[in-house]
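# An overview of the molecular structure
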Amino acid sequence: MKEAPRALLHLLYNGAKAVDVVEASLQLGLLDSLEGPAPITLAELSARHSLVPGRLYKLLDCLESLGLVKREQDTDALASARYSAVPGLREAALAVVGPQSRERDREKFAWRKLHGRLPEVLRGEHSISPEDFDWPLRTPEQLEGFETSMAVGLPPILETLRQHAQHLWRDGMRVLDVGGGDGSLAAHLTREHPTARVDVYNLPATQPLVERTRERFDLGPARLGFVAGDFLQEPLPGGYDVLMFVRVLHDWSAQTALHLLKSAWAALPSGGRVIICEEFRTAERLAAQFFWTYFLIGVDSCVSRLREVEHYQRMLQEAGFHQTQVLGGGPFELVTAVKP
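Reference entry: report on the structure contained in this document. (Residues numbered from 1 in each chain as written. Predicted model: local features only at pLDDT ≥ 70, side-chain atom pairs only at ≥ 80, totals over all residues. Heavy atoms only, no water.)

Our focus in this paragraph is the overall build of the protein chain. When its secondary structure is counted, the protein chain shows 17 helices and 10 strands. Dimensions of the protein chain, computed from C-alpha atoms along their principal axes, come out at roughly 70 × 50 × 40 Å. The proportion of buried residues among the 340 residues of the protein chain is 46%. The long-range fraction of contacts in the protein chain, counting pairs at least 24 apart against all pairs at least 6 apart in sequence, stands at 69%. Of the charged side chains in the protein chain, 37 are positive and 44 negative, and the gap between their average positions amounts to 1 Å. (Helix = DSSP H or I, 4+ residues; strand = E, 2+ residues; numbered from the N terminus. Buried < 20%, exposed > 50% of the residue type's maximum accessible area, 1.4 Å probe, protein only. Contact = heavy atoms within 4.5 Å. Lys, Arg positive; Asp, Glu negative; His and termini not counted. Charge placed at Lys NZ, Arg CZ, Asp CG, Glu CD.)

So, on to the nonpolar core. Formed by 48 residues in total, the largest nonpolar core has its most connected members in Phe-133, Leu-236, Leu-243, Phe-245, Leu-261, Trp-292 and Phe-295. Those elements that provide at least two residues to this core are α9 (140-152), β4 (174-178), β7 (242-246), α14 (254-267), β8 (273-278), α16 (290-295), α17 (309-319) and β10 (333-338). Sequence-distant contacts of Leu-261, defined by excluding residues within four places in its chain, comprise Phe-245, Leu-249, Val-274, Ile-276, Met-315, Leu-316, Ala-319 and Phe-321. Leu-161, Trp-169, Phe-226 and Val-246 belong to the second largest nonpolar core, which has 29 residues in total. (Core = buried A, V, L, I, M, F, W, Y, C linked by side-chain atoms within 4.5 Å.)

Applying the stated rule across the entire model yields 17 aromatic pairs. Centre to centre, the rings of Phe-133 and Trp-292 are 5.8 Å apart; their planes meet at 45 degrees, and the pair counts as tilted. Taken together, the residues Phe-133 in the loop between α8 (118-122) and α9 and Trp-292 in helix α16 connect sequence positions 159 residues apart. A network of ring pairs unites the aromatic residues Phe-109, Phe-133, Trp-135, Phe-146, Phe-231, Trp-252, Phe-291, Trp-292 and Phe-295 as a single cluster. The residue whose ring lies beneath Arg-285 is Phe-332, and the NZ or CZ to ring-centre distance is 5.4 Å. The positively charged end of Lys-339 is found above the aromatic ring belonging to Trp-265, 4.1 Å away from the centroid. (Phe/Tyr/Trp six-rings, centres within 6.5 Å; stacked < 30°, edge-to-face > 60°. Lys NZ or Arg CZ within 6 Å of the ring centre and 35° of its normal.)

On to the layout of surface pockets. One number sums up the size of the largest pocket: a volume of about 2600 Å³. Around the largest pocket, the lining comprises 47 residues; the ones closest to its centre are Val-96, Val-97, Glu-103, Ala-287 and Ala-288. Looking at the lining of the largest pocket, the elements that each hand over two or more residues are α1 (4-13), α2 (15-28), α6 (89-97), α7 (102-106), α10 (155-163), α15 (283-288) and α16. In terms of residue count, the dominant contributor to the lining of the largest pocket is α6 (eight residues). Looking at the lining of the largest pocket residue by residue, the classes come out as 29 nonpolar, seven polar and 11 charged. Along the wall of the second largest pocket there are 29 residues; nearest its centre are Phe-146, Glu-147, Gly-179, Asn-202 and Val-248. (1 Å grid on protein atoms, 1.4 Å probe; cavity = no way out; pocket = protein on both sides within 12 Å on 5 of 7 lines; lining within 4 Å. Points joined across faces, edges and corners; volume = space filled by probe spheres on them. Nonpolar A, V, L, I, M, F, W, Y, C, P; charged D, E, K, R; others polar.)

Turning our attention to helix α13 (residues 207-216). Considered for burial, the residues of α13 that qualify are Leu-209, Val-210, Thr-213 and Arg-214. Taken end-on, α13 shows its buried residues confined to a sector of 140 degrees, consistent with a single buried face. On its buried face, α13 sits against α9, α12 (184-192), β5 (197-202) and β6 (224-228). Of the residues trailing α13, Asp-218 is marked for its positive phi of about 55 degrees. (Arc of directions from axis to C-beta.)

Take empty space enclosed by the protein next. What the rule picks out here adds up to one cavity of 30 Å³ or more. Lining the largest cavity are 17 residues, with Phe-146, Met-150, His-250, Gln-289 and Trp-292 positioned closest to its centre. Every element with two or more residues in the lining of the largest cavity is listed here: α7 and α9. For the lining of the largest cavity, a count of residues per class yields seven nonpolar, four polar and six charged.

Encoded structure:
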């Protein structure tokens, strides 16, 4: 137990090398073989992928040290060692280090302005400049970069919404995606639910991004609409059966989040539904959000924080909603509630 922190720090210091090992394993197809129905021997693995056995053994040792591969060995003979990947490794590797991963997309943000200077940042002597990133976002370039980055992370959210579609949607529904980014989520929902109308409510500066998404999905404004507004300054618009907050509320203080839920209650008709989809606070979600946690150390204007799911349940009750449910089982959890 005493060695655990030291082992972790060894791995963290060699993080770039660890990513290289995972990337190579993904590119070579090793992760497909390691996730087979039964453990595979080193001899079989090296023959299947035309790799030098002794070198492959060392790469597998690297994967084992990361906790990504399990090894079984009865003798000291390398060829007979049997290996298997932890469940879901290939999918996780694609999501984190694959060519379209969120982590790669995040590299465009100015995190290097903090790197090596955290003592100064924590003393208040250095920070991310407003020109690089500010909250609320202040330039069209910042807005486009942020909203595009959010769209990259949509697949697990869409998968979660699909899992619970029967519970959430009905024919002819009118949905408002509050703070709906560039409209990518709304476009997917519109495509998957042909009788629905989904509108994006966002700052006026995002309208060109939504129009671009509308063209990309070949949707007309009657299917994918846009409503300009500022939810910090204005009430949410009415006329909708469902109001969605997808990765929105965690970016604001608890007081602002509660204000938004009360505004949603006021905008919805009796029987209307609110949906909250967030990365609720767990050890795994904290790890997935490590980039933003690190980056936002230098951005005081953003009070983004991961909150426990129970926090949103309490806020929904305080806002006046009932029939609150937590829908799990997918990559994300959803919290839904109904206006009486």
